[in-house]
4 protein chains.
Amino acid sequence: MEHDIDLSQYAIRTDLALEAHELVQEQQTAADQLSGVQLEQDDKEPGIKVTRLRVETEEAGRSIGKLPGRYITIEVPKLRDNDTAIEDQVARRFTREFAALLSELGITEDKKALVVGLGNWNVTPDALGPMVVENLLVTRHLFTLAPESVEEGYREVSAISPGVLGITGIETSEIVLGVVQNSKPDFVICIDALASRALHRVNTTIQISDTGIHPGSGIGNKRKALDEKTLGVPVIAIGVPTVVFASTIVNDAITYLLGHFGQSMKESSRAFNKLSVSTLPERKEPYTEEDLPDIESRKTFMGLVGSLPEQEKQQLIHEVLRPLGQDLVVTPKEVDDFMEGISNVIASGLNRALHKTVDEKNSGAYTH
Amino acid sequence: MEHDIDLSQYAIRTDLALEAHELVQEQQTAADQLSGVQLEQDDKEPGIKVTRLRVETEEAGRSIGKLPGRYITIEVPKLRDNDTAIEDQVARRFTREFAALLSELGITEDKKALVVGLGNWNVTPDALGPMVVENLLVTRHLFTLAPESVEEGYREVSAISPGVLGITGIETSEIVLGVVQNSKPDFVICIDALASRALHRVNTTIQISDTGIHPGSGIGNKRKALDEKTLGVPVIAIGVPTVVFASTIVNDAITYLLGHFGQSMKESSRAFNKLSVSTLPERKEPYTEEDLPDIESRKTFMGLVGSLPEQEKQQLIHEVLRPLGQDLVVTPKEVDDFMEGISNVIASGLNRALHKTVDEKNSGAYTH
Amino acid sequence: MEHDIDLSQYAIRTDLALEAHELVQEQQTAADQLSGVQLEQDDKEPGIKVTRLRVETEEAGRSIGKLPGRYITIEVPKLRDNDTAIEDQVARRFTREFAALLSELGITEDKKALVVGLGNWNVTPDALGPMVVENLLVTRHLFTLAPESVEEGYREVSAISPGVLGITGIETSEIVLGVVQNSKPDFVICIDALASRALHRVNTTIQISDTGIHPGSGIGNKRKALDEKTLGVPVIAIGVPTVVFASTIVNDAITYLLGHFGQSMKESSRAFNKLSVSTLPERKEPYTEEDLPDIESRKTFMGLVGSLPEQEKQQLIHEVLRPLGQDLVVTPKEVDDFMEGISNVIASGLNRALHKTVDEKNSGAYTH
Amino acid sequence: MEHDIDLSQYAIRTDLALEAHELVQEQQTAADQLSGVQLEQDDKEPGIKVTRLRVETEEAGRSIGKLPGRYITIEVPKLRDNDTAIEDQVARRFTREFAALLSELGITEDKKALVVGLGNWNVTPDALGPMVVENLLVTRHLFTLAPESVEEGYREVSAISPGVLGITGIETSEIVLGVVQNSKPDFVICIDALASRALHRVNTTIQISDTGIHPGSGIGNKRKALDEKTLGVPVIAIGVPTVVFASTIVNDAITYLLGHFGQSMKESSRAFNKLSVSTLPERKEPYTEEDLPDIESRKTFMGLVGSLPEQEKQQLIHEVLRPLGQDLVVTPKEVDDFMEGISNVIASGLNRALHKTVDEKNSGAYTH
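Once a new chain begins, its residue numbering starts again from 1 and follows that chain's sequence as written. Each chain takes a letter, starting from A, and each ligand takes a number, starting from 1, following the order in which they are written. Local features in this predicted model are restricted to residues whose pLDDT is 70 or higher, and side-chain atom pairs enter the listing and the counts only when it is 80 or higher, whereas totals over whole chains, interfaces and linings include all residues. No hydrogens and no water enter the side-chain calculation; it runs on all heavy atoms of the structure.

**Concerning the overall build of chain A**
Line of reasoning, step 1. Helix and strand labels come from DSSP, where a helix needs a run of H or I of at least four residues and a strand needs a run of E of at least two; each type is numbered from the N terminus. Within chain A, the secondary structure is distributed over 13 helices and nine strands.
Line of reasoning, step 2. Throughout, exposure labels follow a simple rule: accessible area from a 1.4 Å probe, protein chains only, divided by the maximum for the residue type, with under 20% read as buried, over 50% as exposed, and the rest as partly exposed. Counting all 368 residues of chain A, 62% fall into the buried class.
Line of reasoning, step 3. The contact criterion used throughout is that any non-hydrogen atoms of two residues lie within 4.5 Å. Contacts in chain A between residues at least 24 apart in sequence constitute 75% of all its contacts with a sequence separation of at least 6.
Line of reasoning, step 4. Working note: accessible area of chain A is about 14,300 Å², and carbon and sulfur atoms make up 49% of it. Note on areas: Shrake-Rupley, 1.4 Å probe, and residue coverage restricted to the protein chains presented here.

Written as structure tokens, this is what we have:
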């Protein structure tokens, strides 16, 4: 079965369930929905698209290379604009989505949270977790040392940034397990920078899931699972793509170019050698598989590369590009600004979702 | 004439004269050397390749989109390995090349230097200039306030990091001109982060030139020339590529894939649809134009895209990819480490080249 | 005349005109006001005390070691509490005081400002200027490059952080002069970290003056004047004490102890050797000269030290303490937090005072 | 008994056993050595004074407010000069002293170390631990993942910076215990910033002890013990004083002034009111109790303050100075530079002491 192919390679190319799902959908000849996967899209709020993906079975999970569970994706292309008003809007939406997930999971207001900021604080695009932790409203010590001083409406929250294996010499999962055993939270929230397939998702997308963090995911330097099985309490993962593999940029570009020229051909039936930039129709949405020309035209255009199955094409590009140094993981030049913006969004969103009392007006007061 | 085409677009895609020259060479049907350009390569020192390009005429300059002058390029692929021994070796080689250039330009040991660290210290891949300035051995104030305390063998050196237009509201050239007018150096050294065409050159290449810094070059936020004409004293530019346009990654990848398959075709004459990754010959050097298949095969492979002139192809890719967000400028994920390493190399190299007394043993003492 | 003493030593001990004035007042036997100095205090706003000192004559200036001009001091003891609401209140008050000064000086809304962030960004307590500049709303480039895009209500503002002599090798005044000559602002605003006599003023006090910055002031690494005489345009100085000399801590403590015991003696007439901590009356205000016991009692208490003239006592303490390392300049342990808070206060206050359109609601959007 | 006084207040004023011991020695009328305390001084190496204090009994421990154990203090006044050669010399001496302690404790080369960097990375003078950890040569993951790749002469070392209670909400001791339980080191090395009584010890002194870290010590935000009893393995503590209480500056200054004038009186027997700065003899060593004038002269000089017992005097000063804001903890203005220098000293010293193979020549390669 098509769905049964080994998708381990995709796993290292995207951490977004949304992208993994799209990839598999594109492979199917019939456009029918994968069984065992429920997909719900919500773009009522202007500028924000929320996708709720629910992987219901082990089999469906294998088919897209993601564990069964809930995946909520918030996409906001304008998050890149460094606009305080948009950041505030996204933080509020994040609060609602996160609170809804807590509620679905039966995690009530009295449950104690441990927030784990994964990643390396010395590597800017990997520093999401530690940056969010810096801006969290931490209360556990007040509950422990001066419970009478804690006002109504605050949750017991603790937070750590355990570092990465190369800095500590210890698997992150061992450190977190030790902290969980000694501080006894009721649930854990892990925050991590992710790798995406597409540059346009970098720093514009937030993924929340109830499946925890798993080996091989992320930028690649976290190794063992952080989930309910290993930690003994529910683990919610929050991630933002901050990097992309150079080879997937190339792969996606080739796919996109095929889509573009196929579209042009259908629309104009003009000879391709007359095609020029000025005649290209403006288009805002990425092309999808259905915009592609028929398989014969593809061969005419791209020959071998175009006709390869997606999986093989990707590996080919990857291998071929290695000597060019294009096997690198890259991040936008403006990464410093992006990281500051997105980490504030998540921190203020979390502060509101975790503490009922932190109303929307002053949630910014806890972040820098 | 082929050489007469408008190359302004290349200017914003590469700041390396070496790459601009290669690009134009590739366009030529005959493989003969551009007239007015002298090229000398030196790879006697293992692991280090030095290219000395001399653009001798205005016409040659127009043809490669670079001003007449000397361009020295030091390429060290292993600079990425974060190895202190290699960094030290490169710093020593930089010292020799830089000292040789000073000597060719007739800049003697008594000439006063002003080092200008261009770029934005808040944007990691643009912070090369400010990072180098932080580690320079600055002496001008000692010469001014306590000349008797300055030992033999030190040059009078001053340094500033003027910031960028978006931070100051003032053209960098206006600030530097003001400082030159008031502090009266005999020559100026400008240090800046550059954009390259190729990911494999990012943080592995140092360019030194005697032409100054010019509009439209760099990552794009410095606008007016810093050269002998505007500042009144010779201006030496030192640059390191730290970023690359995502669209040039794609462009180069497509060119490279063409080369790869063309090569395979020539070698094997097997049907292309049997080609697989495992049969691809290992190859360490990038492919060049001569590896490409003949023009008919290229059409079979890549159709329209492959047959376009380089310039038009590039613009096409650029336009087409805009909605994908691939018009972004990207940098490797490890940018923080790279910047620290390369800025130490340049600072310790400069300290030795500028001050005769700073011998190789203790030059590291001045950097962090 | 008492006022005629050489006050050069005070100059290096306090940059606050308020403190210099108090010191001289304390020396006077009669409690009458210094002639040529006008003093106005305003503590109508709870928690904020504003003192407006006007030095009207050269002679008065010499007597307190400060140049003739206006000195506005905003004192807010609670600024240390890291409370966002208080910071916001102080920023608003700063805006009013600063705008009033601009108005008194006849600097209208169309006048172009250059903000100079003095100090060393690598020395946390000296980084006030650069930190404020990072958060300013800079507009000059918009006026220059795209004047049609600038909305009503914005002033033309530029900003630089010129560094310090030890980093650049160039006197700061030379750099600023060069920038002024080339960018032609109508007035200059200099921001600098100051030294205070008293720990309780560190990071709780803001001084605004229209006299510019002068040699020997500040933490000691800025050397030449930045004022209307040297730059050719009016210069407003904004300063915050961030450090204090360890020896002045000792000096003030001894003076204060004298005051304390003198007070106790007057009140109780009990034998001093029965005095204990528990009998000390609570007291919130610092003691002043009039609380001190008469000169004979002082001799009984402190002997030699107490009976010395202020000036000689200070020098004595300074000399004696040198081997103890107490000649150091110190700053509170929490300096990182303090600097972040106070630089945001000044940046958002300045943004509002300089741009009419930046209303109070969103001024925070420009700062981190 | 004199030794039986409650010394809890001293505990919060100095973390140095050396200072605690000196304080108690000063209180004794007879100058005899405290029983149960062995003191050995070694100043053979020019510029470096090493004191080895051994507290042998519980009773002796109570008398100086420190636990029984070994305390090695390395004092280097010139560490403040930011001189690379001196830093290198101290790192080598540190290596010898630390290796000797390991040997005395029977900790052989095959024992696995966990280094814990205590303190708050956002508070410069409290960031010693995290700064050292950043520069450590960590190897545990190599031993675990690729043991065959580890060369002879390396020890298994891991490292964490657990943060402080205010950031994590979790007692540091709970986090460290969890990490110890899961990563199973054979011994623990804790690194922490300390508080000293004297400004001249700030950033010039390193203390090594085998007693671990205890409540109430340090700058005050670490609460529970980290020692063999709580962690189950030996704990070595490394500390450097980076801050001092403003009130102890005052206290020590008054003591010192008394000593100074007493000395002068003895030497000159001239009338005190003729004493002036110019007649003060130069003196490099701090004065001690025996330089003080007899008790009657002290009363003449300082009256009440001078005649109080040390303990009461200190509390008096503390209480009295509170309104002056002099209850603050302060650090020298140059704290950023000091911290960088001393953390490099300790990191390169530790790298050499822990890994036999890290010879002296290239130990710097692992630090920034």
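That shown, we press on.
**Thoughts on the packing of helix 8 (residues 172-183) of chain B against helix 8 (residues 172-183) of chain C**
Line of reasoning, step 1. Think of each axis as a best-fit line through the C-alpha atoms, taken over the contacting stretch in the case of a helix, with angles from 0 to 180 degrees between the N-to-C directions. The N-to-C vectors of helix 8 of chain B and helix 8 of chain C enclose an angle of 125 degrees; their axes lie 7 Å apart at closest approach. When the interaxial angle is binned, helix 8 of chain B and helix 8 of chain C end up oblique. Like other packed secondary-structure pairs, helix 8 of chain B and helix 8 of chain C cross with a definite hand, here right-handed. Within the contact between the two elements, helix 8 of chain B uses B:Glu174, B:Ile175, B:Leu177, B:Gly178, B:Val179, B:Gln181, B:Asn182 and B:Ser183 and helix 8 of chain C uses C:Glu174, C:Ile175, C:Leu177, C:Gly178, C:Val179, C:Gln181, C:Asn182 and C:Ser183.
Line of reasoning, step 2. Lys, Arg, Asp and Glu make up the charged group, whereas Ala, Val, Leu, Ile, Met, Phe, Trp, Tyr, Cys and Pro make up the nonpolar group; the residues left over, Gly among them, are polar. Looking at side-chain class alone, the contact of helix 8 of chain B with helix 8 of chain C contains six nonpolar, eight polar and two charged residues. Roughly parallel means an angle under 35 degrees; roughly antiparallel means over 145; roughly perpendicular covers 65 to 115; every other angle is labelled oblique. Put simply, a crossing is left-handed when the front helix is turned counterclockwise from the back one by less than a right angle, and right-handed when it is turned clockwise.

**Structural notes on the side chain of B:Ser161**
Residue and element names in this part refer to chain B.
Line of reasoning, step 1. Structurally, Ser-161 can be placed in the loop between strand 5 (157-160) and helix 7 (165-168).
Line of reasoning, step 2. The exposure class assigned to Ser-161 is buried, which follows from its relative accessible area of 12%.
Line of reasoning, step 3. Contact partners of Ser-161, with chain neighbours within four places excluded, come to Gly-117, Trp-121, Pro-130 and Val-133.

**As for the side chain of B:Thr168**
Line of reasoning, step 1. Looking at where B:Thr168 falls in the secondary structure, it is placed in helix 7.
Line of reasoning, step 2. Look past the residues within four positions of B:Thr168 in its chain and what remains in contact with it is B:Pro162, B:Gly163, B:Ile175, C:Val138, C:Ser158, C:Ala159 and C:Ile160.

**Notes on the pattern of salt bridges**
Line of reasoning, step 1. Put simply, a salt bridge is a Lys or Arg side-chain nitrogen that is within 4 Å of an Asp or Glu carboxyl oxygen. The tally for this structure, following the rule as stated, stands at 64 salt bridges over all chains.
Line of reasoning, step 2. Among the ionic pairs, B:Arg201 bridges to B:Glu75, the shortest N-O distance being 3.1 Å. One end of the pair, B:Arg201, is in the loop between strand 6 (187-196) and strand 7 (205-209); the other, B:Glu75, is in strand 3 (residues 69-75), with 126 residues separating them in the sequence.
Line of reasoning, step 3. By relative accessible area, B:Arg201 is classed as buried at 6%.
Line of reasoning, step 4. By relative accessible area, B:Glu75 is classed as buried at 13%.
Line of reasoning, step 5. Between D:Glu109 and D:Lys356 there is a salt bridge, with its nearest N and O atoms 3.5 Å apart. Of the two residues, D:Glu109 sits in the loop between helix 4 (84-104) and strand 4 (113-117) while D:Lys356 sits in the segment after helix 13 (335-354), which places them 247 residues apart along the sequence. The same class applies to D:Glu109 and to D:Lys356, which are both exposed.
Line of reasoning, step 6. Ionic contacts of the salt-bridge type, sharing partners, join the residues A:Glu40, A:Asp42, A:Glu45, A:Arg52, A:Arg93, A:Arg96 and A:Glu97 into one network.

**Things to note about unusual backbone geometry**
Residue and element names in this part refer to chain A.
Line of reasoning, step 1. Although it is not a glycine, Asn-82 sits at a positive phi angle of roughly 55 degrees.
Line of reasoning, step 2. Relative to the helices and strands, Asn-82 is located in the loop between strand 3 (69-75) and helix 4 (84-104).
Line of reasoning, step 3. A residue is classified by how much of its surface remains accessible, and Asn-82, at 38% relative accessible area, is partly exposed.

**A short note on the environment of A:Gly117**
All names here are of chain A.
Line of reasoning, step 1. Inspection of the secondary structure puts Gly-117 in strand 4 (residues 113-117).
Line of reasoning, step 2. Looking at Gly-117, the relative accessible area reads 0%, which means it is buried.
Line of reasoning, step 3. With 213 residues separating them in the primary sequence, Gly-117 and Val-330 have C-alpha atoms 21 Å apart.
Line of reasoning, step 4. Non-local contacts of Gly-117, meaning those with residues more than four positions away in its chain, are made with Gly-129, Pro-130, Val-133, Ile-160, Ser-161, Pro-162 and Ile-191.

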